[in-house]
Amino acid sequence: MTGPTRLSVAPTGSRSRVHHTTGHLTVRIMDQDADGARVGLLATQALLLSGDDVRIEVDVAPGAWLDVVETTGTVAYEGEAPSSWTVDATVGDGAVLTWAGKPFVVSDEIATHRRTRIRLHGTGKVLMQEKVVLGRAGHVGGDLSMSLKASDDTGPLQVENLNLGQQVRQMPGILGNLRSMDTVTALGWTPEPTGEPEAGTTGPGETYFPLDRSGAALRWMGIGRFRDQLCDATFAAWRDEAMRDYRHRHTARHPAHAEEGTGLGEADRGPVADAVAGLFRAGTCCAP
């Protein structure tokens, strides 16, 4: 049985401390400074096979930042045994976690579950994007269930459970013939989308949900491949916003380093960053 992939980052006086343990996925550092890092996640084997239980445990220490990049999408392949993908993240006071997910494709004849658990402390912030595609080319897709449980020091921030099984999603008012869903979730602050959500020719379009407390979600649903014009742009803008607040705090703490970046700009230097970037340019294995 393969254990969880573990990843932690903590600030230091010169270079952040990044620890990781390989499971179904391994971690490659793309960029790094004194307070955090951008990392790429790479599969160590074919994923997601029938019976696989992928677990990713993340710990962002107080005052640190972590930007997680998935190098390729993931296919939940058909099989008798259910598969699962679990992210369990803890984000400390003043820390920032951003995670841009690639498409998660659900094949026919599989039951799979995506589970996300997030614990925020103090002024910590989280930004995550999840892209789901029901079915590979010519398929309708198997049974998918998704859950998100996020809390802070006060209590629950967002609790969501989605049953997207084949029978359920054909019911009136659920998904019908829609195959794609893109969700951008911000926790710890309440940003606004970069444009106006609207319906389009590929589906009902985007919906913006401000949470009851600090947080917001933008969700697009449509047919076929992702054609929405708002979710990717909103994720990029919200990530800049989350890191802008961090940069202000960083500058206040380290005025002599005011000109230092945070690894979220265009310059990803170093051989590892170049190698991972090459994987991005090579495309993904799982276009729906």
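From a predicted model like this one, the values you see are computed outputs, not experimental measurements. (Residues numbered from 1 in each chain as written. Predicted model: local features only at pLDDT ≥ 70, side-chain atom pairs only at ≥ 80, totals over all residues. Heavy atoms only, no water.)

**Overview of the pattern of salt bridges**
And then number 1: By the definition in use, this model includes 12 salt bridges.
And then number 2: With a closest N to O distance of 3.5 Å, aspartate 53 and arginine 55 form a salt bridge.
And then number 3: We note a salt bridge from arginine 239 to aspartate 67, for which the minimum N-O separation is 3.5 Å. Taken together, the positions of arginine 239 in helix H2 (residues 231-253) and aspartate 67 in strand E6 (residues 65-70) put the pair 172 residues apart, joining distant regions of the chain. Each member of the pair arginine 239 and aspartate 67 is classed as buried.
And then number 4: Each member of the salt-bridge network shares a partner with another, and the members are Arg38, Asp67 and Arg239. (Salt bridge = Lys/Arg side-chain N within 4 Å of Asp/Glu carboxyl O. Helix = DSSP H or I, 4+ residues; strand = E, 2+ residues; numbered from the N terminus. Buried < 20%, exposed > 50% of the residue type's maximum accessible area, 1.4 Å probe, protein only.)

**Regarding the pairing of strand E8 (residues 83-91)**
And then number 1: Burial runs high along E8: nine of the nine residues are buried.
And then number 2: Of the two faces of E8, both are covered, the one formed by Ser83, Trp85, Val87, Ala89 and Val91 as well as the one formed by Ser84, Thr86, Asp88 and Thr90.
And then number 3: Two strands pair when backbone bridges link them, and E8 and strand E10 (residues 111-120) are joined in this way by nine bridges, in the parallel orientation. Each residue of the ladder has a partner; that of aspartate 88, found in E10, is arginine 117. (Pairing = 2+ DSSP bridges.)

**Description of the sheet that holds strand E12 (residues 143-151)**
And then number 1: Read from one edge to the other, the open sheet built from seven strands follows the order E2-E1-E5-E8-E10-E12-E13, with strand pairing classed as mixed. Looking at which strands have only one partner, the edges of the open sheet turn out to be strand E2 (17-21) and strand E13 (156-164). For this sheet the average axis-to-axis angle between neighbouring strands, irrespective of direction, equals 5 degrees. (Axes fitted to C-alpha atoms, helices over the stretch in contact; angles between N-to-C directions.)

**What to know about the confidence of the model for the protein**
And then number 1: Of all residues in the protein, 85% have pLDDT values of 70 or greater, and the mean over the chain is 86.
And then number 2: Across residues 265-288 the pLDDT falls below 50, and counting only partners more than four positions away or on other chains, this stretch makes 38 contacts in the model. (pLDDT = per-residue confidence, 0-100. Contact = heavy atoms within 4.5 Å.)

**Describing the side chain of aspartate 67**
And then number 1: According to the relative accessible area criterion, aspartate 67 is buried, its value standing at 0%.
And then number 2: A polar contact is formed between the side chain of aspartate 67 and the side chain of threonine 98, at a distance of 2.6 Å. (Polar contact = N/O pair within 3.5 Å; in protein donor to acceptor, adjacent residues only side chain to side chain.)

**Considering unusual backbone geometry**
And then number 1: Of the consecutive residues leucine 47 and leucine 48, the connecting peptide bond is found in the cis state with omega at 5 degrees.
And then number 2: Note on placement: leucine 48 falls in the loop between strand E4 (36-43) and strand E5 (53-60).
And then number 3: Despite not being glycine, glutamate 109 has its phi angle at roughly 60 degrees, a positive value.
And then number 4: Examined against the element boundaries, glutamate 109 turns out to sit in the loop between strand E9 (96-106) and E10.

**Let's talk about the side chain of threonine 86**
And then number 1: Along the chain, threonine 86 falls in strand E8.
And then number 2: Looking at threonine 86, its side chain comes within polar contact range of the side chain of arginine 115, at 2.7 Å.
And then number 3: Ignoring anything within four residues of it in the chain, the contact list for threonine 86 reads Val54, Arg55, Ile56, Arg115 and Arg117.

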